[in-house]
Amino acid sequence: MTGPIAILGGGQLGRMLGLAGAPLGQSFRFLDENQGAPASMVGEMIVAPYDDQDALARLCDGAQVCTYEFENVPADTAAFIAERIPVYPPPKALEVAQDRLLERRLFADLGIPAPDFCTIDSVEELRAAFADDDSPRLLKARRLGYDGKGQFLLSGAKEAERALDAIGHVPAILDGFVEFEREVSILAVRGRVGSDEERTAFYPLTHNIHRGGILRVSRAPDPDVTPDVEALAQDYARRILDALDYVGVLAVEFFWVRGPDGSAQLLANEIAPRVHNSGHWTIEGAETSQFENHLRAVGGLPLGPTHAVGASAMVNIIGDLPRTEAVLAVPGAHLHLYGKEPRPLRKIGHVTLRADSAVEVERLLERFTRIIG
Ligand code: AMP
């Protein structure tokens with residue numbers, strides 16, 4: 001196939017896709033609403049709103065395929081492009097990932113366990129939800145929530161008004177608060193060529209640590225993951241790939257909990273139909289990165305192996321830039337800066353620490369944290 005790959009969104013994920021595609025001889029054309037978006041340095045950039053049809057037509061012109069790096073692509077935008085060139089992952093995946101209710105319904109339809117939840121459309125409903133049980137719950141806007149935004153932790157009915165004010169009185173779901181042992185995610189990838197077995201691959205389960213709803217550290221492979229937990233995550237992810245007729249990288253985030261009999265269980269929290277922050281470690285820590293495999297998948301190329309190479313820990317750089325010299329002085333540290341202006345709580349880069357074993361990575365992480373703070 002010739003022609004550039006069209007990408008909706010020109011943030012850091014677009015930039016890392018561009019960096020991964022260059023050695024494959026691929027070229028890129030991005031559309032982003034903001035001037036100087038991080039992907040500007042790795043391809044042609046069209047700056048326009050996502051509903052600008054002239055700009056969308058220019059994005060498609062001569063392009064082989066379109067993909068996206070954020071899940072809030074407007075449905076009309078995806079439909080407009082899909083009439084002209086193939087869009088992967090399929091727009092159906094966008095529809096589901098944009099609405100927490102549709103996401104949870106998909107999990108239920110596929111027999112994938114998830115946190116207990118109910119829908120909330122009014123303050124009365126929210127108060128009523130606490131009628132017989134005053135345990136803490138998490139109110140989450142159905143749409144447009146990310147990195148803990150559009151969420152409110154309630155300790156009881158008395159906070160109902162405040163919680164709905166905080167999320168802007170939009171339709172929401174109310175999650176039971178899950179006392180998880182850890183958060184894990186799986187990155188699955190499905191290509192366009194070969195048998196289901198040949199065109200499907202999974203990265204090792206990643207252990208994720210969030211603070212304030214934002215991912216801080218990912219570790220992979222997670223030494224505590226047993227083959228049965230890995231198999232469970234793969235089984236659930238495969239059901240989603242099949243149901244959505246999926247092509248590309250898919251991230252599924254889980255809460256790892258203990259069942260009443262002490263067995264490990266995974267509750268699916270959400271999906272992301274794109275390359276994902278919890279897979280950044282794959283750039284140095286896997287045989288083929290999530291970015292390269294996403295491009296191979298959407299471009300109709302064979303997938304690369306997904307096994308880990310040694311062990312990795314990825315640390316997000318949030319808010320302030322560290323001193324480059326200090327980061328690079330840590331052996332095994334790989335620095336990725338996104339070219340974004342530092343701002344409180346903004347992800348502006350990440351560092352992956354890679355070594356031969358998980359024990360060694362922990363040592364590097366301690367050293368890194370001491371130096372960088
Ligand atoms: P989300 O936007 O759903 O990924 O939520 C962001 C973070 O909030 C998650 O990674 C968890 O750390 C936390 N969280 C979300 N839902 C729940 C829940 N039902 N119980 C406990 N913690 C949660």
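Report follows, based on the coordinates. (Residues numbered from 1 in each chain as written. Predicted model: local features only at pLDDT ≥ 70, side-chain atom pairs only at ≥ 80, totals over all residues. Heavy atoms only, no water.)

**Some remarks on the pairing of strand 1 (residues 5–8)**
Neither face of strand 1 is exposed, since I5 and I7 on one face and A6 and L8 on the opposite face are all buried. Judged from the four bridges that link them, strand 1 and strand 4 (residues 65–68) form a sheet pairing that is parallel. Among the inter-strand pairings, I5 is bridged to a residue of strand 4, identified as V65. Note: strand 1 against strand 2 (residues 28–32), four bridges, orientation parallel. Residue A6 lies in a different strand from strand 2, and its bridge partner there is R29. The β-α-β motif built from strand 1, the intervening helix 1 (residues 12–21) and the parallel element strand 2 has right-handed crossover chirality. (Buried < 20%, exposed > 50% of the residue type's maximum accessible area, 1.4 Å probe, protein only. Helix = DSSP H or I, 4+ residues; strand = E, 2+ residues; numbered from the N terminus. Pairing = 2+ DSSP bridges. Right-handed = clockwise from strand over helix to strand, strands pointing away.)

**Focus on the packing of helix 1 against helix 10 (residues 290–298)**
Where helix 1 meets helix 10, the axes come as close as 8 Å, and the angle between the chain directions of the two elements is 75 degrees. It follows from the interaxial angle that helix 1 and helix 10 lie roughly perpendicular. The residues of helix 10 that touch helix 1, namely those facing L13, M16, L17, A20 and G21, are F291, E292, H294 and L295. The residue makeup of the contact of helix 1 with helix 10, split by class, is six nonpolar, two polar and one charged. (Axes fitted to C-alpha atoms, helices over the stretch in contact; angles between N-to-C directions. Parallel < 35°, antiparallel > 145°, perpendicular 65-115°, else oblique. Contact = heavy atoms within 4.5 Å. Nonpolar A, V, L, I, M, F, W, Y, C, P; charged D, E, K, R; others polar.)

**As for the site of the ligand**
Around the ligand, the structure places 14 residues, and the nearest of them are K140, Q151, V178, E183 and E270. One nitrogen or oxygen atom from the side chain of K140 is found 2.9 Å from a nitrogen atom belonging to the ligand. H210 has a polar side-chain atom sitting 3.4 Å from an oxygen atom of the ligand. Contact with the protein chains hides 92% of the accessible area of the ligand, taken as 470 Å² for the molecule alone. Mapped by element, the contributors of at least two residues to the shell around the ligand are strand 6 (137–141), strand 8 (172–176) and strand 14 (264–272). Split into classes, the residues belonging to the shell around the ligand amount to five nonpolar, four polar and five charged. The residues that make up the shell around the ligand include at least three from each of domain 2 (116–176) and domain 3 (182–372). (Near = heavy atom within 4 Å. Polar contact = N/O pair within 3.5 Å; in protein donor to acceptor, adjacent residues only side chain to side chain. Areas by Shrake-Rupley, 256 points an atom, 1.4 Å probe, with all protein chains shown as cover. Domains from an automatic or database assignment.)

**Digging into the pattern of salt bridges**
Taken as a whole and judged by the stated rule, the model has 21 salt bridges. Between E44 and R29 there is a salt bridge; the shortest N-O distance is 3.0 Å. Highlighted residues: E44 in strand 3 (residues 44–47) and R29 in strand 2, separated in sequence by 15 residues. Classification of R29 as buried rests on a relative accessible area of 11%. Notably, a salt bridge pairs E360 with R363, separated by 2.7 Å at the nearest N-O pair. Within this pair, E360 and its partner R363 are both found in helix 12 (residues 358–372), separated by three residues, close to a single helical turn. Counted as one network, the salt bridges with shared partners bring together R104, K140 and D175. (Salt bridge = Lys/Arg side-chain N within 4 Å of Asp/Glu carboxyl O.)

**Brief notes about unusual backbone geometry**
Here Y88 and P89 are connected by a cis peptide whose omega angle stands at -10 degrees. Tracing the backbone shows P89 in the loop between helix 3 (75–82) and helix 4 (91–97). Notably, D245 is not glycine yet its phi reads approximately 50 degrees, a positive angle. With respect to the element layout, D245 can be found in the loop between helix 8 (227–243) and strand 13 (248–258). At L345, a position not held by glycine, the phi torsion is positive, near 65 degrees. Take L345: its relative accessible area is 57%, and that puts it in the exposed class.

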